[in-house]
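What the coordinates show
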Amino acid sequence: MRAMRLERPAPIAERPLILRDLEERAPAPGELALRVKACAVCRTDLQLCESDVTAHRLPITPGHQVVGIVETIGEDLTDWKIGDRAGVAWLGGADGVCAYCVSGRENLCPNATFTGWDRDGGFAGRIIVRADFALHLPTSFSDTEAAPLLCGGIIGYRALKRSGIQPGGRLGLYGFGASALLAIQVARYWGCEIYVRTRSEHDQLEALELGAADADSYDAPTPSPLDAAVTFAPVGSVVIEALKALAPGGTVAINAIHLDQMPAFSYDLLWGERNLSSVANFTRADANEFLELAARIPIRTTTRTFPLEEANEALAAHAAGDVQGAAVLIP
Ligand SMILES: [Zn+2]
Ligand SMILES: [Zn+2]
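Everything numeric in this text was worked out from a predicted model, so none of it was measured.

1. Notes on the pattern of salt bridges
The tally for this structure, following the rule as stated, stands at 22 salt bridges. Linking Asp143 and Arg85 is a salt bridge whose minimum nitrogen-to-oxygen distance equals 2.8 Å. Taken together, the positions of Asp143 in helix α3 (residues 143-146) and Arg85 in strand β5 (residues 85-88) put the pair 58 residues apart, joining distant regions of the chain. Its relative accessible area of 22% is what places Asp143 among the partly exposed residues. Judged by its relative accessible area of 19%, Arg85 falls in the buried class.

This is the structure in structure tokens:
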């Protein structure tokens with residue numbers, strides 16, 4: 001099978017992903033082999049390729065927003081059949097027995113494994129996954145439409161939950177990339193009043209089209225304090241801007257696996273029981289809740305497809321902000 005492999009991280013301009021032809025292995029008990037139909041590209045893939053996120057093992061096939069068709073089923077599995085469509089996302093496995101797993105917080109499992117980081121991911125023609133972490137996808141989305149829901153969508157949804165935003169509340173979205181494009185549609189569905197802050201004027205216009213009450217640059221004050229905010233930009237100074245706009249008792253949820261740094265800031269900004277929270281991974285419950293909600297709203301995804309062998313170009317386009325919505329690789 002063909003796969004775009006990361007052997008040595010390097011700036012994306014140096015095309016660190018290399019097309020390889022790999023031998024196909026059979027799924028072990030409890031695993032499924034999927035024929036990949038589409039795999040969306042995420043900022044984390046870029047950060048892994050460029051070593052901003054340290055590789056867990058090399059070589060590795062990145063890609064953790066995978067839509068595939070079940071091709072082979074490992075022993076002892078009854079809940080999947082050949083030909084089923086399955087989604088594969090960032091959380092590739094957890095031990096199921098630690099204090100976090102048994103308390104509904106498998107996203108924090110110290111033995112969690114991640115797709116495209118610990119396990120080979122979806123920048124390939126075929127992928128082997130743990131069947132109990134494969135997701136059933138709503139039929140209303142095509143393969144290409146469903147792929148970007150699987151990271152940007154699910155983790156954006158968890159970020160909204162972590163922010164504590166309530167239906168009808170005043171919500172700030174700081175940064176407006178692929179994940180925020182999906183989160184704003186959920187927040188609109190909940191009747192929230194949404195303030196988008198982002199550098200790009202083009203993205204500001206798009207936010208207004210999607211129902212933001214206003215859209216402006218990162219440092220523009222909001223007309224009244226926010227009940228909650230989610231930051232999507234991987235930049236610590238943006239977190240501080242969000243904190244400045246927050247009402248007492250509110251939360252800024254930071255939707256980034258990697259942030260450049262957190263600048264020092266005045267304690268006055270945090271005083272008043274304001275909270276800062278990171279957003280780490282997701283649980284399968286988050287994934288299933290979000291996918292059901294995405295079909296009900298229904299969420300619209302905007303995508304630009306690239307052939308698998310152009311994964312470097314897709315990541316470069318993503319990095320440059322040249323992709324409307326999400327870049328999706330098609331093997
Ligand atoms: Zn665990
Ligand atoms: Zn991701």
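2. Focus: the coordination of the zinc ion (ligand 1)
Around the zinc ion (ligand 1), the protein contributes the donor atoms Asp95 (OD), Cys98 (SG), Cys101 (SG) and Cys109 (SG), which lie 2.1 to 2.3 Å from the metal centre. For the zinc ion (ligand 1), the four donor atoms in the first shell make angles of 99 to 118 degrees at the metal, a pattern classed as tetrahedral. Along the chain, the residues donating to the zinc ion (ligand 1) are arranged with the sequence spacing D-x2-C-x2-C-x7-C. There is no split in this pair, since Cys101 and Cys109 are both buried.

3. Brief notes about the pairing of strand β9 (residues 170-174)
Extensive coverage of β9 is indicated by the burial of four of its five residues. The sheet contact formed by β9 and strand β10 (residues 193-197) spans five bridges and is parallel. Within β10, the residue paired with Gly172 across the bridge is Tyr195. With helix α5 (residues 178-189) bridging β9 and the parallel β10, this β-α-β connection has right-handed handedness. Where β9 lies against strand β12 (residues 226-231), four bridges are found, and the strand directions are parallel. Residue pairing in the sheet places Leu171 in a bridge with Ala228 of β12.

4. Section: the nonpolar core
Counting residues in hydrophobic clusters, the biggest one holds 93 residues, and the most contacted among them are Phe123, Val196 and Phe290. Among the elements that take part in this core, α5 stands out by supplying seven residues, more than any other. In this view, Phe290 contacts Leu149, Gly153, Ile154, Tyr157, Val186 and Ile299; residues no more than four positions away in its chain are not counted. Core analysis: the next-biggest nonpolar cluster, separate from the first, contains 16 residues, Tyr218, Val239, Val252 and Leu259 among them.

5. Concerning the packing of aromatic side chains
The description of two aromatic rings rests on the distance between their centres and on the angle between their planes. Scanning the entire structure with this criterion turns up six aromatic pairs. Measuring from centroid to centroid gives 5.0 Å for Trp90 and Phe114, while their planes differ by 25 degrees, and the two rings are stacked. Placement of the pair is Trp90 in the loop between β5 and β6 (91-93) and Phe114 in strand β7 (residues 113-114), with a sequence separation of 24 residues. In this structure Trp90 comes out as buried when scored by relative accessible area, which is 4%. Between Tyr157 and Trp190 the ring centres are 6.2 Å apart and the planes differ by 55 degrees, which places this aromatic pair in the tilted class. Pair noted here: Tyr157 is in helix α4 (residues 152-163) and Trp190 is in the loop between α5 and β10, with a separation of 33 residues, a long-range link. Taken together, the aromatic side chains of Trp90, Phe114 and Trp117 make up a single cluster linked through ring pairs. One cation-aromatic arrangement involves Arg284 over Phe133; the distance from NZ or CZ to the ring centre is 3.7 Å.

6. Concerning the environment of Ala327
By the element assignment, Ala327 lies in strand β16 (residues 326-330). Since its relative accessible area comes to 0%, Ala327 is described here as buried. A sequence separation of 292 residues divides Ala327 from Arg35, and the C-alpha atoms of the two residues are 19 Å apart. Not counting residues within four places of it along the chain, the set of residues in contact with Ala327 comprises Cys39, Ala40, Val41, Arg304, Phe306 and Ala314.

7. A word on helix α9 (residues 311-319)
Inspection of α9 places Ala311, Asn312, Ala314, Leu315 and Ala317 among the buried residues, and these make up the whole buried set. Those residues of α9 that are buried are in contact with β1 (2-6), β2 (17-21), α1 (43-49), β15 (303-307) and β16. One or two residues past the end of α9 sits Gly321, with phi positive at roughly 75 degrees.

Cut-offs used in this document
- Residues numbered from 1 in each chain as written.
- Chains lettered and ligands numbered in written order.
- Predicted model: local features only at pLDDT ≥ 70, side-chain atom pairs only at ≥ 80, totals over all residues.
- Heavy atoms only, no water.
- Salt bridge = Lys/Arg side-chain N within 4 Å of Asp/Glu carboxyl O.
- Helix = DSSP H or I, 4+ residues; strand = E, 2+ residues; numbered from the N terminus.
- Buried < 20%, exposed > 50% of the residue type's maximum accessible area, 1.4 Å probe, protein only.
- Donors = N, O, S within 2.8 Å, 3.2 Å for Na, K, Ca; no water.
- Tetrahedral: all angles 85-135°; square planar, octahedral: opposite > 155°, others 65-115°.
- Pairing = 2+ DSSP bridges.
- Right-handed = clockwise from strand over helix to strand, strands pointing away.
- Core = buried A, V, L, I, M, F, W, Y, C linked by side-chain atoms within 4.5 Å.
- Contact = heavy atoms within 4.5 Å.
- Phe/Tyr/Trp six-rings, centres within 6.5 Å; stacked < 30°, edge-to-face > 60°.
- Lys NZ or Arg CZ within 6 Å of the ring centre and 35° of its normal.

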